[in-house]
Amino acid sequence: MEAAAVPQELPPDCGVHELFGYVGIEAVLEQMKVKTMKMGFEFNIMVVGQSGLGKSTMVNTLFKSKVSRKASQPGQEERIPKTVQLQSVTHVIEEKGVKMKLTVTDTPGFGDQINNENCWDPIIKYINEQYERYLREEILITRKRKIPDSRVHGCVYFIPPTGHWLRPLDLEFMRRLSKIVNVVPVIAKADTLTLEEREEFKQRIQRDLKAHAISVYPQEDFDEDPDDRLLNDRIREKIPFAVVGADQEHQVNGKRVLGRKTKWGIIEVENPAHCEFPMLRDLLIRSHLQDLKDITHNVHYESYRVRRLNESNRPALSSNNGLPGRDEDGDESNL
Amino acid sequence: IPSCDYGPYFKIYGLRSLPLSGHVGFDTLPDQLVNKSIKQGFCFNILCIGETGSGKSTLINSLFNTSFDDSMSTHFHPNVRLKAQRYELHESNVRLKLTVVSTVGFGDQINKEDSYQPIVDYIDAQFEAYLQEELKIKRSIFNYHDTRIHVCLYIISPTGHSLKTLDLLTMKSLDSKVNIIPLIGKADSISKTELQQFKRKLISELVSSGIHIYQFPTDDEVVSQINTIMNGHLPFAVVGSTEVVKIGNKMVKARQYPWGVVQVENENHCDFVKLREMLICTNMEDLIEQTHTRHYELYRRCRLQEMGFRDTDSENKPVSLQEAYEAKRRKFYLELQRREEETRQKFVQRVKEKEAVLKEAEQRIQAKFEHLMLMHQEEKQKLEKKRKALEEEIALFNMKKANAELLQTQPMVSTPVSLKRDKDRKK
């Protein structure tokens, strides 16, 4: 058999071979672990929602450190910006030898104006700018050993706990953004809803999302195998998570727990019976972080790249916030 | 899966490390990454270069503890070819898609000038395939079955003297394209002291010829010590065997001679264990990474420059790449049109030819037809003549018959005697 000049994914000629003894192939897993621990990880998360929904507190609770500065600090002037401004802050955190470069992008001013039309445009522009930056680095001739990744891996969208339905702003935003980034919707300040109200609210939101064909993370299309599907189906049943954020510790039953102290009790953030914060944390960090990055890289970034490379000589970011307008060849854009 | 290479964050990025007040849980990240890789499986591609009979197949069988079916190769190949075979190996939960490419007929020809070119071409072809996939607009690079050669095991003949010219030339043409690990094959034919001398000679020759062989990485504390030691043992003197011999109360892979048994996995006998350790257990991941980040990038850079891309206008880079894509697209359409035109021309030509042939046939048939018509006419005329003749005969006969009848009716009235006399007279 002649060596193929252009190989494709071909099945092995000689089938699966039995090994007569230990070879040591599985050591490659350890090698990989060591290498990635040495190099470290990056994670970029964006939080979107109206002011006062507890975004900064949530991020601080997620990462157990003062990642974001709260807008409502004593001594700071409460000023609602005229347009949506994006603020990114980067930190390095380390746990058990694993280093992570965490970037949190906040969006103050979102949904706060009287007229909120197109308030998602700066956000879409920012996300596309990050894709553009990565693309430019990737197509250089002499490119860096590692391309710095500033692409947004996950966008947490905070839904106000009205208990009714999704508002037009929520629908518009999630519809547009779920096409270019992984959107994780959460019900903010869920301590104002009872458990029954929470459940009903969730059902209504799920129906709304389905009716408008909005696919939030974890998207059904990207389930790789039946195990994944099973796992993700269970998560999808619970989306959106009803969360409560807190950064102060209190004494409960002799233990120090993170929680909100009210006259009628202490809401324990990490108690699954009280709120679904642990599930959100597990999803975002403990089990699906790599998956968020992979989908961003393999799906969202690739579709951005296809769009970009099919454009004909248009300046990189037009007034359409980096979204291409009508292509000359119309049929080549696949939004 | 994109990997990171920031090193110590703090210094490079000037970022402060944020203290965590509790367990967040991202320490599972390496495990998440590993789980993804387990699902996808690993690809590892080995290129084995060595003269016919230098022990390539046996070595691979011994390394991977399995028997890839292979028959012994003849020495009479007219040129060097490459034979690639794909296997899938399972060990615990790791799936390894292994491709072993061996040279066939290397060093056998009388004129060895073209020996290494097929190898270089093969390696380049794999890089090219990956590059093409990467440049595609709609690509699936995370699904791509990587066929780039990750390591080249170069087997040197155990002459005990020095490198052959062929070895030098081949390795020189490959050292910037692939990770080369030189090995001394069939090392059981060299004694220990000769071996040390041989190794030193080989290394000095490699260094003086400027050939870069693969150095096991020494920057990571976990493996740097053992890698440094191993680097000093290169080239590994290996012995391969798939036969087992009973030593003590164990069955070990070995070669049995009248004067003793050479045990493959005995470190005192040969460096086989070191090779397996370094190749698979310690540095497989690094070999794959070096191939991607060093050799492939070099190839890519050269190719893109060849194709006319430049980085100088880094501001306009995407636009000029788009222009290049546009130009490529235009070229493609032009090519398409040209091909279409060519095909059309060919078609027209064929039609003309067929027409000519048919016309000729038609003419022939026409000629035949006319000829037949002529013949038919002639026949008809002949028959006409005959008919006329026959008709005339019939007319004559009828006339005679009529005359006879007339004569018969006339003399009925006269005497019978006279009739008789008339009849006699008529006779």
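Every chain is numbered on its own, with residues counted from 1 as its sequence reads. Chains and ligands are labelled by the order in which they are written, letters from A for the one and numbers from 1 for the other. Two thresholds apply to this predicted model, a pLDDT of at least 70 for residue-level local features and 80 or more for giving and counting side-chain atom pairs, whereas whole-chain, interface and lining totals are computed over all residues. Hydrogens and water molecules were not included; the side-chain quantities draw on all heavy atoms of the structure.

Draft legend 1. Representation of the UniProt feature "coiled-coil region" (unreviewed entry) in chain B within the structure. UniProt positions are given in the numbering used here, feature names are shortened, and annotations may be inferred rather than shown by experiment. When the UniProt feature table is mapped to this numbering, "coiled-coil region" (unreviewed entry) covers residues 344-407 of chain B. Spanning residues 344-407 of chain B, this segment combines 100% helix with 0% strand, and its end C-alpha atoms are found 91 Å apart. A run of H or I in DSSP becomes a helix once it reaches four residues, and a run of E becomes a strand once it reaches two; helices and strands are each numbered from the N terminus.

Draft legend 2. Region of the structure containing the nonpolar core. In terms of nonpolar packing, the biggest core is built from 87 residues, with Phe44(B), Phe64(B), Leu153(B), Ile181(B) and Leu279(B) touching the most fellow members. Only heavy atoms enter the contact rule, under which two residues are in contact if any of them lie within 4.5 Å. Not counting the four nearest positions on each side in its chain, Leu279(B) is found in contact with Phe44(B), Ile46(B), Leu63(B), Val151(B), Leu153(B), Ile181(B), Met284(B) and Leu287(B). Among the buried residues, those of types Ala, Val, Leu, Ile, Met, Phe, Trp, Tyr and Cys that are joined through side-chain atoms within 4.5 Å form a nonpolar core. Accessible area is worked out with a 1.4 Å probe on protein chains only. A residue is then buried under 20% of its type maximum, exposed over 50%, and partly exposed in between. The next biggest cluster of nonpolar side chains, apart from the first, holds 83 residues, and it includes Leu177(A), Ile205(A), Cys275(A) and Leu284(A).

Draft legend 3. Representation of the pattern of salt bridges within the structure. Any carboxyl oxygen of Asp or Glu that lies within 4 Å of a side-chain nitrogen of Lys or Arg is treated as forming a salt bridge with it. Within the structure shown, the criterion is met by 55 salt bridges over all chains. Between Asp191(A) and Arg260(A) there is a salt bridge; the shortest N-O distance is 3.1 Å. Of this pair, Asp191(A) sits in the loop between β6 (183-187) and α5 (195-211) while Arg260(A) sits in strand β9 (residues 255-262), and the two are 69 residues apart along the sequence. Taking the shortest distance from any N to any O, the salt bridge between Glu88(B) and Arg95(B) comes out at 4.0 Å. Since its relative accessible area comes to 13%, Glu88(B) is described here as buried. Because the salt bridges share partners, they merge into one network encompassing Lys64(A), Glu270(A), Arg281(A), Asp282(A) and Arg286(A).

Draft legend 4. The arrangement of the confidence of the model for chain B in detail. The pLDDT value tells you how sure the predictor is about a given residue, anywhere from 0 up to 100. Within chain B, residue pLDDT values average 83, and 87% of them lie at 70 or more. In the predicted complex, the global pTM is 0.75; the interface-specific ipTM is 0.78.

Draft legend 5. A look at the pairing of strand β6 (residues 180-184) of chain B. Residues and elements named next belong to chain B. Extensive coverage of β6 is indicated by the burial of five of its five residues. Burial along β6 is two-sided: Ile-180, Pro-182 and Ile-184 facing one way and Ile-181 and Leu-183 facing the other are all buried. Strands are treated as partners if at least two bridges between them are detected by DSSP. As paired elements, strand β5 (residues 151-156) and β6 share five bridges and run parallel to each other. Directly across from Cys-152, in β6, lies its bridge partner Ile-180. When the strands point away from the viewer and the connection leading from the first strand across the helix to the second strand turns clockwise, the crossover is called right-handed. Read from β5 through helix α5 (residues 165-174) to β6, the crossover connection turns out right-handed. Across two bridges, the pairing between β6 and strand β7 (residues 236-237) is parallel.

Draft legend 6. Representation of the packing of aromatic side chains in the model. Ring pairs are drawn from Phe, Tyr and Trp, using the six-membered ring of Trp, whenever the two centres fall within 6.5 Å, and their geometry is named by plane angle: stacked under 30 degrees, edge-to-face over 60, tilted for the rest. Under the defined criterion, the tally for this structure stands at 15 aromatic pairs over all chains. Seen from their ring centres, Tyr157(A) and Phe173(A) are 4.8 Å apart, and the 20° between their planes marks the pair as stacked. On the criterion of sequence distance, the pair formed by Tyr157(A) in strand β5 (residues 154-159) and Phe173(A) in helix α4 (residues 168-177) is long-range, its members being 16 residues apart. We note that Tyr157(A), like Phe173(A), is buried. Summarising the aromatic geometry, the rings of Phe127(B) and Tyr296(B) are spaced 6.1 Å apart at their centres and angled 55° between planes, so their arrangement reads as tilted.

Draft legend 7. Expanded view of the packing of helix α4 (residues 117-135) of chain B against helix α9 (residues 284-307) of chain B. Residues and elements named next belong to chain B. For helices, the fitted line uses only the C-alpha atoms of the stretch in contact; every axis is such a line through C-alpha atoms, and the angle between N-to-C directions lies from 0 to 180 degrees. Running from N to C, α4 and α9 cross one another at 75°; their axes reach a closest spacing of 10 Å. Put simply, α4 runs roughly perpendicular to α9. Residues Asp-124, Phe-127, Glu-128, Tyr-130, Leu-131, Gln-132, Glu-134 and Leu-135 of α4 touch α9, and the partners they reach there are Thr-291, His-292, His-295, Tyr-296, Tyr-299, Arg-300, Arg-303, Leu-304 and Met-307. Residues that form the contact of α4 with α9 fall into these classes: eight nonpolar, four polar and five charged. Each angle is binned into one of four classes, with values under 35 degrees roughly parallel, values over 145 roughly antiparallel, values of 65 to 115 roughly perpendicular, and all other values oblique. Amino acids outside the nonpolar list (Ala, Val, Leu, Ile, Met, Phe, Trp, Tyr, Cys, Pro) and the charged list (Asp, Glu, Lys, Arg) are all regarded as polar, and Gly is one of them.

Draft legend 8. The arrangement of a nonpolar patch on the surface in detail. Residues and elements named next belong to chain B. By definition, no residue in a patch forms a salt bridge, and every one has over 30% relative accessible area; like charges are joined within 9 Å, nonpolar side chains (Val, Leu, Ile, Met, Phe, Trp, Tyr) within 5 Å. Accessible areas in this description were obtained via Shrake-Rupley with a 1.4 Å probe; residue shielding takes into account the shown protein chains only. Judged by side-chain polarity, Phe-332, Tyr-333 and Leu-336 come together as a nonpolar surface patch covering roughly 330 Å² of accessible area. Tracing the sequence through the fold places Leu-336 in helix α10 (residues 317-409). Here Leu-336 falls in the partly exposed class, since its relative accessible area comes to 41%.

Draft legend 9. Fine view of the packing of helix α3 (residues 121-138) of chain A against helix α8 (residues 289-310) of chain A. Residues and elements named next belong to chain A. Between α3 and α8, the least distance of the axes is 10 Å, while the angle of their chain directions is 80°. With respect to their mutual orientation, α3 and α8 come out roughly perpendicular. For the pair α3 and α8, the contacting residues are Asn-128, Tyr-131, Glu-132, Tyr-134, Leu-135 and Glu-138 in the first and Thr-296, His-297, His-300, Tyr-301, Tyr-304, Arg-305, Arg-307 and Arg-308 in the second.

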